[in-house]
Amino acid sequence: MKKLLIFMILISLSVLSAQVIGKIGLVTGLVKYKESPNAIYKDATRNMLIHKDGVLKLDLSSSVVLSFNDLGETEVTGRKELSILEIYDQLKKPKSLVDRIKGGLKNIQTFSSERPKSEAGIRRDEQHLDKQELFYWEEPEWIELSAAIALYDQEKYPEAIESFDKVIEQDPLSREAELAHGYLIVIYSANPDTAAKMQEHLELLKRDFPNSEFLD
């Protein structure tokens, strides 16, 4: 009996001494968590502490936000089972430029959608003011950045690329153009065959927006 009591005390001390490195944030769907590989899974809940030896288990449509004490937040999605240490180590690695852009774009919530004013048209000859002889430039359809982002979110990448290109063409030095370059870099980075296109937009981003947050 005495040995059993000592054993239980040691187990309790082991659990209490497990290194807490953060907590769970928003939980969507079915997410399970256990403090160590040998523990029993529990339903993950908001503000539940996470430990260095902990393990997460998610269903296909589930997601969970983890808030690490020293690294900030990260979101885990999809059907998988991952150790907290694995997630922590991955988050701790220096981020590539594309990863930084992805993170930056994810945090972009507002942007200007106001269309700049332009001249309505031009006259062929001011000496002949007959209405039949007035010529006007045909204005191309204006593409809003929000529409391009919507196509990106729907994974309609060819249409999104075309729209982002038009956003840049409309006003190459605008905030919208900077974000459009970011999205195009992310899209092109996913395919080795479009690495040259990614590099092209990266160089344009560096040239036109040398102080871009994405380049920090």
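Conventions we followed
- Residues numbered from 1 in each chain as written.
- Predicted model: local features only at pLDDT ≥ 70, side-chain atom pairs only at ≥ 80, totals over all residues.
- Heavy atoms only, no water.
- Helix = DSSP H or I, 4+ residues; strand = E, 2+ residues; numbered from the N terminus.
- Buried < 20%, exposed > 50% of the residue type's maximum accessible area, 1.4 Å probe, protein only.
- Contact = heavy atoms within 4.5 Å.
- Areas by Shrake-Rupley, 256 points an atom, 1.4 Å probe, with all protein chains shown as cover.
- Pairing = 2+ DSSP bridges.
- Axes fitted to C-alpha atoms, helices over the stretch in contact; angles between N-to-C directions.
- Arc of directions from axis to C-beta.
- Expected span 1.5 Å × (residues − 1).
- Salt bridge = Lys/Arg side-chain N within 4 Å of Asp/Glu carboxyl O.
- Phe/Tyr/Trp six-rings, centres within 6.5 Å; stacked < 30°, edge-to-face > 60°.
- Core = buried A, V, L, I, M, F, W, Y, C linked by side-chain atoms within 4.5 Å.

**Examining the overall build of the chain**
For step 1, the next point in the chain: Per the secondary structure count, the chain includes 7 helices and 8 strands.
For step 2, the next point in the chain: Residue burial in the chain is summarised as follows: out of 216 residues, 29% are buried.
For step 3, the next point in the chain: The long-range fraction of contacts in the chain, counting pairs at least 24 apart against all pairs at least 6 apart in sequence, stands at 48%.
For step 4, the next point in the chain: Working note: accessible area of the chain is about 14900 Å², and carbon and sulfur atoms make up 53% of it.

**Considering the sheet that holds strand 1 (residues 20-28)**
For step 1, the next point in the chain: Strand order in this open sheet of 4 strands is 4-1-6-7, and the pairing throughout is antiparallel. Taken across any chain shown, the strands that pair with only one partner, and hence form the sheet edges, are strand 4 (49-51) and strand 7 (72-77). Ignoring strand direction, the axes of neighbouring strands in this sheet form an average angle of 35 degrees.
For step 2, the next point in the chain: Relative to strand 4, strand 1 runs antiparallel, the two sharing 3 bridges. Each residue of the ladder has a partner; that of Gly22, found in strand 4, is Ile50.

**Overview of helix 2 (residues 84-92)**
For step 1, the next point in the chain: The complete set of buried residues in helix 2 reads Ile84, Ile87, Tyr88 and Leu91. Down the axis of helix 2, the buried set is contained in an arc of 100 degrees. They therefore lie on one face.

**A look at helix 5 (residues 157-170)**
For step 1, the next point in the chain: Between the first and last C-alpha of helix 5 there are 20 Å, a value that for 14 residues agrees with the 20 Å anticipated at 1.5 Å per step.
For step 2, the next point in the chain: All of the buried residues in helix 5 are Ala160, Ile161, Ser163, Phe164, Val167 and Ile168.
For step 3, the next point in the chain: Contacts from the buried residues of helix 5 go to helix 4 (145-153), helix 6 (175-189) and helix 7 (195-208).

**Quick notes on the environment of Tyr152**
For step 1, the next point in the chain: Of note, Tyr152 is situated in helix 4.
For step 2, the next point in the chain: In this structure the C-alpha to C-alpha distance between Tyr152 and Phe164, which are 12 residues apart in sequence, comes to 9.5 Å.
For step 3, the next point in the chain: In this view, Tyr152 contacts Tyr157, Ala160, Phe164, Tyr183, Val186 and Ile187; residues no more than four positions away in its chain are not counted.

**Section: the sheet that holds strand 3 (residues 42-43)**
For step 1, the next point in the chain: Taken in spatial order, the 4 strands of this open sheet run 3-2-5-8, and their pairing is antiparallel. The sheet is open, and its two edges are formed by strand 3 and strand 8 (80-83), each paired on a single side.
For step 2, the next point in the chain: On top of the sheet, helix 2 reaches strand 2 (31-34), strand 5 (55-58) and strand 8; it is set at about 75 degrees to strand 8, its chief contact.

**Quick look at the pattern of salt bridges**
For step 1, the next point in the chain: Overall, the coordinates contain 7 salt bridges when judged by the stated rule.
For step 2, the next point in the chain: Salt-bridge contacts for Lys166 lead to Glu162; the nearest nitrogen and oxygen are separated by 3.6 Å. One end of the pair is Lys166 and the other is Glu162, both in helix 5 and 4 residues apart, which spans about a single turn.

**Examining the packing of aromatic side chains**
For step 1, the next point in the chain: This structure, assessed with the given rule, holds 4 aromatic pairs.
For step 2, the next point in the chain: Ring plane angle 70 degrees and centroid distance 5.0 Å describe the contact between Tyr152 and Tyr183, whose orientation is recorded as edge-to-face. With Tyr152 in helix 4 and Tyr183 in helix 6, this residue pair connects regions lying 31 residues apart in the sequence.
For step 3, the next point in the chain: Assessed through its relative accessible area of 8%, Tyr183 is described here as buried.
For step 4, the next point in the chain: A ring pair is formed by Phe164 and Tyr183, whose centres lie 5.0 Å apart and whose planes are at 10 degrees; its orientation type is stacked. Separated by 19 residues along the polypeptide, Phe164 in helix 5 and Tyr183 in helix 6 bring together distant segments of the chain.
For step 5, the next point in the chain: Among the aromatic residues, ring-to-ring pairing joins Tyr152, Tyr157, Phe164 and Tyr183 into one connected group.

**A few points about the nonpolar core**
For step 1, the next point in the chain: Judged by nonpolar contacts, the single largest core of 26 residues is most densely connected at Ile101, Leu105, Leu145, Phe164, Leu184, Ile185 and Phe214.
For step 2, the next point in the chain: Elements supplying a minimum of two residues to this core: helix 3 (97-106), helix 4, helix 5, helix 6 and helix 7.
For step 3, the next point in the chain: With residues near it in sequence (within four places) discarded, Ile101 still touches Gly182, Ile185, Val186 and Phe214.
For step 4, the next point in the chain: Formed by 17 residues, the second largest nonpolar core is a distinct cluster that contains Ile24, Ala44, Phe68 and Val76.

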